[in-house]
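Overview (structure and organization)
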Amino acid sequence: MDKPGFIKYKKKDPPLKKVKKRIKNHNEFQSLLSDKELRCQSDRCMDCGTPFCHSSCPLGNMIPEFNSAVSNNKWKEAYEILISTNNFPEFTGRICPAPCEHSCVLGINQDPVSIENIEKQVIEKAFIKGYVNPNNISNKLDKKIAVVGSGPAGLACADELNKKGYQVTVYEKDEELGGLLRFGIPDFKLDKKIIDRRVELLDKEGIIFKTNKCLGKDLSLERLDSKYDAVILCIGSSIPRDLIIEGRELDGIHYAMDFLSMQNRINSNIPTNIKINAKDKNVVVLGGGDTGSDCIGTSNRHGAKSITQLELLPRPPKERDESMIWPLFANTFKTSSSQEEGCDRAWGVMAKEFIGNGTIEYVKTEDISWDSDKKTFYPIKNSEKLIPCDLLLIAIGYEKPNLSFDNEFSIDTFPDGRIHANEKNFLTSRKNFFSCGDSRRGQSLVVWAIKEGRDCAKSVDKYIKKKQLT
Ligand SMILES: Cc1cc2nc3c(=O)[nH]c(=O)nc-3n(C[C@H](O)[C@H](O)[C@H](O)COP(=O)(O)OP(=O)(O)OC[C@H]3O[C@@H](n4cnc5c(N)ncnc54)[C@H](O)[C@@H]3O)c2cc1C
Ligand code: SF4
């Protein structure tokens with residue numbers, strides 16, 4: 001323990017492979033810090049009386065506590081603290097946008113504590129040291145639960161209910177488990193072996209996994225209802241937002257998820273009918289978010305000729321302004337590792353028309369000015385441009401879950417199409433049916449999916465126990 005470390009040590013992130021090398025394949029490219037270096041990073045934690053980081057983590061991860069354990073070389077203790085609030089730190093430690101770091105007190109006038117990386121290294125160390133083993137869950141209850149969807153929400157919910165003794169079956173429409181962790185997030189951000197390693201543990205703990213089982217095709221709400229004491233729908237939010245402008249019908253225009261899931265399938269030798277290749281193409285990515293970044297990273301790995309990313313909103317400021325005072329999430333200018341690999345970025349730009357002869361050749365854009373009070377924008381006159389484009393990827397978010405299985409509308413939805421499940425107990429309008437994760441909350445983050453899965457499991461447990469008494 002070498003406190004106060006923040007006076008002695010600067011924030012140090014694990015080294016990344018050089019861009020030229022890492023874009024040659026789809027592998028993860030971040031290495032780990034040495035134990036000594038990581039302990040210095042944990043020493044930077046000030047163990048504040050009021051740890052804002054803790055309350056900014058949706059899971060309520062006990063950050064000062066695991067930092068203190070790492071700092072004192074107590075890795076098992078750090079692991080136990082971490083796993084007490086987070087089922088899958090190996091996912092969040094890799095891909096969480098780390099709202100905790102935005103509210104770290106040290107971040108007021110220095111770089112914050114590198115919480116996300118400490119989390120990743122604690123769990124990886126725990127696997128290496130053999131601390132992570134399947135729990136022996138005896139005394140199974142005679143209550144059966146079905147979880148539909150195996151993304152982070154479904155897996156977290158199944159894990160929690162299984163630990164409580166329920167007989168849990170997870171149904172998944174795809175051929176592999178993990179939801180967007182598996183088929184959305186690129187391998188270079190999350191190696192799929194990390195998901196397999198966790199699923200293997202859950203499997204050994206007694207959760208039954210059934211892949212290639214699609215609700216609406218292979219299963220019905222009625223059948224699930226008759227077989228299970230409770231059913232939890234964790235089916236994500238997979239209907240993509242579209243941009244219906246002139247030329248939308250041209251070839252060469254695809255949803256980001258088609259492109260990304262295709263690549264993840266190819267990497268894992270899973271058959272796919274989709275063939276989208278960015279090699280030697282002028283790629284335009286619509287959307288400045290994480291999915292857009294993933295398209296850039298994947299296009300660079302294909303060998304794209306050029307990549308341009310278009311964002312409607314204005315370029316964010318470099319520093320916090322009055323709209324994002326500490327400890328709020330700082331929506332400042334950032335460059336993702338994929339953007340660092342090479343792309344042109346344009347802000348305050350709207351795609352107006354897709355132009356081509358059968359296949360897209362150009363995107364016509366127009367600059368816009370934002371009125372942040374009215375939350376609307378105005379086109380700027382005479383600002384039209386033509387951007388050469390052979391492949392256009394639409395990465396402007398997701399509208400709602402795909403509820404095509406519910407032909408009789410037996411489950412209510414919110415006006416925007418999300419499953420109408422109560423925020424506190426996750427119950428839907430249909431008796432014994434719950435919903436959590438992106439299908440209830442709308443498109444969000446892995447950390448929120450895990451949080452909802454955990455909370456939903458608590459509510460299901462309470463519900464079943466109450467039902468037994470009545
Ligand atoms: C490209 C991309 C990149 C992202 N990057 C990040 C990131 O870096 N960090 C981050 O925190 N978040 C990221 N997100 C968001 C994050 O992945 C989601 O918020 C999270 O996965 C939601 O979890 P979920 O379990 O609710 O849903 P999902 O992960 O979508 O899982 C839903 C599961 O339900 C299954 N399913 C759907 N319908 C049926 C049916 N009828 N029958 C059976 N099964 C069904 C699906 O196949 C899927 O497996 C990203 C999202 C995308 C699209
Ligand atoms: S899960 Fe995300 S927000 Fe929570 S401690 Fe980890 S990195 Fe921070």
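Rules used throughout
- Residues numbered from 1 in each chain as written.
- Chains lettered and ligands numbered in written order.
- Predicted model: local features only at pLDDT ≥ 70, side-chain atom pairs only at ≥ 80, totals over all residues.
- Near = placed C-beta within 6 Å.
- Helix = DSSP H or I, 4+ residues; strand = E, 2+ residues; numbered from the N terminus.
- Nonpolar A, V, L, I, M, F, W, Y, C, P; charged D, E, K, R; others polar.
- Core = buried A, V, L, I, M, F, W, Y, C linked by C-beta atoms within 7 Å.
- Buried ≥ 20, exposed ≤ 12 C-beta atoms within 10 Å, placed from the backbone.
- Domains from an automatic or database assignment.
- Contact = placed C-beta atoms within 7 Å.
- Pairing = 2+ DSSP bridges.
- Axes fitted to C-alpha atoms, helices over the stretch in contact; angles between N-to-C directions.
- Right-handed = clockwise from strand over helix to strand, strands pointing away.

Description of the site of ligand 2
- Taken together, 14 residues sit near ligand 2, with C57, T92, C96, C100 and E116 positioned nearest.
- Listed by contribution, the elements that provide at least two residues to the shell around ligand 2 are α8 (99-102) and α9 (115-129).
- Here the shell around ligand 2 is built from residues that sort into 9 nonpolar, 3 polar and 2 charged.

Focus on the nonpolar core
- Grouped together as the largest cluster of nonpolar side chains are 73 residues, with contacts concentrated most on V122, I145, V147, V148, C157 and I232.
- Ranked by residue count, the leading element in this core is helix α18 (residues 446-469), at 8 residues.
- Each of domain 1 (5-129) and domain 2 (144-238 + 399-469) accounts for three or more of the residues forming this core.
- The residues contacting V148, other than those within four sequence positions of it, are Y171, L215, V231, I232, L233, C234 and I235.
- Ranked by size, the runner-up nonpolar core spans 29 residues in total, among them C295, L310, C343 and V363.

Some points on the domain arrangement of the chain
- Domains assigned within the chain are domain 1 (5-129), domain 2 (144-238 + 399-469) and domain 3 (242-396).
- Using C-alpha coordinates to define each centre, domain 1 is positioned 30 Å away from domain 3.
- Taken together, the contact pairs 11 residues of domain 1 with 11 residues of domain 3.
- Contributing elements (two or more residues each) for the side of domain 1 that touches domain 3: α4 (52-56) and α8.

Quick notes on the sheet that holds strand β6 (residues 253-255)
- In spatial order, the strands read β6-β14-β7-β8-β9; together these 5 strands make up an open sheet with parallel pairing. One side of each edge strand has no neighbouring strand; the edge strands of this open sheet are β6 and β9 (344-347). Across the sheet, the mean angle from the axis of one strand to that of its neighbour is 20°, orientation sign disregarded.
- Bridge count between strand β7 (residues 282-286) and strand β8 (residues 306-311): 5 bridges; the pairing is parallel. Bridge pairing in β8 places V283 opposite I307.
- The strands touched by helix α14 (residues 256-267) within the sheet are β6 and β14 (391-394), with β6 carrying the most contacts at an inclination of about 75°.

Let's talk about unusual backbone geometry
- Put simply, W326 and P327 share a cis peptide bond, and its omega is 10°.
- Structurally, P327 can be placed in the loop between β8 and α16 (337-340).
- One non-glycine residue, N382, lies in the positive phi region at around 55°.
- For N382, a count of 7 C-beta atoms within 10 Å translates into the label exposed.

Remarks on the pairing of strand β2 (residues 167-171)
- Here strand β1 (residues 144-148) runs beside β2; their pairing, made up of 5 bridges, is parallel. Opposite V148, over in β2, you have Y171 as the bridge partner.
- Taking the sense of rotation as the criterion, the β-α-β connection linking β1, helix α10 (residues 152-163) and β2 turns out right-handed.

Here we look at the sheet that holds strand β4 (residues 230-233)
- Read across the open sheet, the 5 strands follow the order β3-β2-β1-β4-β16; overall the sheet is parallel. Strands with a single pairing partner mark the edges of an open sheet, and in this sheet they are β3 (208-210) and β16 (433-435). Between one strand axis and the next, the sheet turns through 20° on average, direction left out of account.
- Pairing geometry for β4 and β16, over 3 bridges, is parallel.

Digging into the environment of F88
- As for its placement among the helices and strands, F88 is situated in the loop between α6 (75-83) and α7 (89-95).
- F88 gets classed as buried once you count the C-beta atoms within 10 Å, which come to 24.
- Between the alpha carbons of F88 and S338 there is a distance of 24 Å; along the sequence they are 250 residues apart.
- When residues no more than four places from it in sequence are discounted, the contact partners of F88 are P152, A156, R198 and I450.

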